[in-house]
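Structural overview
Next come the chains, spelled out residue by residue.
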Amino acid sequence: MSVDPNEQQQRQQWLRLLACSTPNELASVLDPLIDAFTGDADLLRRPEVGLALVTGRVGATGEPFGLGEMTVTRCVVQLADTIGVGYVRGRAPDHARRIAIADALLQGDRRSEIVDQVLAPLAAAETVRRNEASDGAERTRVQFLTMVRGN
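The following paragraphs examine the structure supplied in this document. The structure displayed is predicted, hence computed values, not measured ones. The written sequence of each chain sets the order in which its residues are numbered from 1. Thresholds applied to this predicted model are a pLDDT of at least 70 for local features of residues and 80 or more for the giving and counting of side-chain atom pairs; totals over whole chains, interfaces and linings are not thresholded and use all residues. Water and hydrogen atoms were dropped before computing side-chain values, which therefore reflect all heavy atoms in the structure.

1. Quick look at the sheet that holds strand 2 (residues 64-79)
For two strands to be treated as a pair, DSSP must find at least two bridges joining them. Comment: elements are numbered from the N terminus, with helices defined as DSSP H or I runs of at least four residues and strands as E runs of at least two. Read from one edge of the open sheet, three strands run 1-2-3, paired in antiparallel fashion. Single-partner strands in this sheet number two, and they are strand 1 (41-57) and strand 3 (82-89). On average, each strand axis in the sheet is inclined to that of its neighbour by 25°, with strand direction left out of account. Any two residues whose heavy atoms approach within 4.5 Å are treated as being in contact. Axes here refer to lines fitted to C-alpha atoms; in helices the fit is confined to the stretch in contact. Angles between the N-to-C directions go from 0 to 180 degrees. Across the sheet, helix 3 (residues 93-106) lies against strand 1, strand 2 and strand 3, angled at about 145° from strand 3, the strand it touches most.

Dropping the structure here:
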């Protein structure tokens, strides 16, 4: 079974966006759609909390090393014949379940509708969060000047 690299990249992008969303943001855009789309949703793996190893690289290119462990919550659901997964950092079983449902819906034939109603608002909210964080960092930036002594 071959996987289309473009399809795989799109799925990685929407899973990242879903995982980076706040639980309230995801609930507000997804919950109105859940009843309409998920009449036959089955939990294949109920939300469970575990640990994941976080790795880093020296200088972003060196040898990888273990930075430490982080708490994650995962969930797997099945909608009709589509399987959706949800991973989120921290202890958030409802958030992981919603991510798994959204992932399954996005793999279905109504993807464009879910993209418009779920992913677009989440992407806009993430952009606002990133801009606010960037502005906050910019306000605290220190300008260093190098003085050159004349001879």
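There is more to say after this.
2. Focus: the pattern of salt bridges
Whenever a carboxyl oxygen of Asp or Glu lies within 4 Å of a side-chain nitrogen of Lys or Arg, that contact is scored as a salt bridge. For the coordinates displayed, the defined rule picks out nine salt bridges. The salt bridge partner of E7 is R111, with a shortest N-O separation of 2.4 Å. Linking E7 in helix 1 (residues 5-20) with R111 in helix 4 (residues 111-139), this pair joins segments that are 104 residues apart in sequence. Exposure categories follow from relative accessible area, calculated using a 1.4 Å probe and restricted to protein chains: below 20% of the type maximum is buried, above 50% is exposed, and the middle band is partly exposed. Look at E7 and you get partly exposed, because its relative accessible area is 31%. A relative accessible area of 22% means that R111 is categorised as partly exposed. When the shortest N-O distance is used, the salt bridge between R130 and E126 registers 3.4 Å. Taken together, the residues span about one helical turn, with R130 and E126 both in helix 4 at a distance of four residues. Assessed through its relative accessible area of 53%, R130 is described here as exposed. Overlapping salt bridges, with partners in common, bring together R16, E126 and R130 in one network.

3. Comments concerning helix 3
What a helix should span is 1.5 Å times the count of its residues minus one. With 14 residues, helix 3 should cover 20 Å at 1.5 Å per step; its first-to-last C-alpha distance of 20 Å lies within 8% of that length. Most of helix 3 sits inside the fold, with 11 of its 14 residues counted as buried. Those residues of helix 3 not exposed but buried are H95, A96, R98, I99, A100, I101, A102, D103, A104, L105 and L106.

4. Description of the packing of helix 1 against helix 4
Interhelical geometry of helix 1 versus helix 4 gives an angle of 55° and a closest axis separation of 10 Å. In this view, helix 1 runs oblique relative to helix 4, as classed from their interaxial angle. Crossing angle aside, the handedness with which helix 1 passes helix 4 is left-handed. Across the interface between the two elements, E7, Q10, W14, R16, L17, L18 and C20 of helix 1 pack against R111, V118, L119, L122, A123, E126, R129 and R130 of helix 4. Gly falls in the polar group here, along with every residue not listed as nonpolar (Ala, Val, Leu, Ile, Met, Phe, Trp, Tyr, Cys, Pro) or charged (Asp, Glu, Lys, Arg). Considering only residue class, the contact of helix 1 with helix 4 consists of eight nonpolar, one polar and six charged. We call two directions roughly parallel when the angle between them is under 35 degrees, roughly antiparallel when it is over 145, roughly perpendicular when it lies between 65 and 115, and oblique otherwise. With the far helix as reference, a near helix turned anticlockwise by less than a right angle produces a left-handed crossing, and one turned clockwise produces a right-handed crossing.

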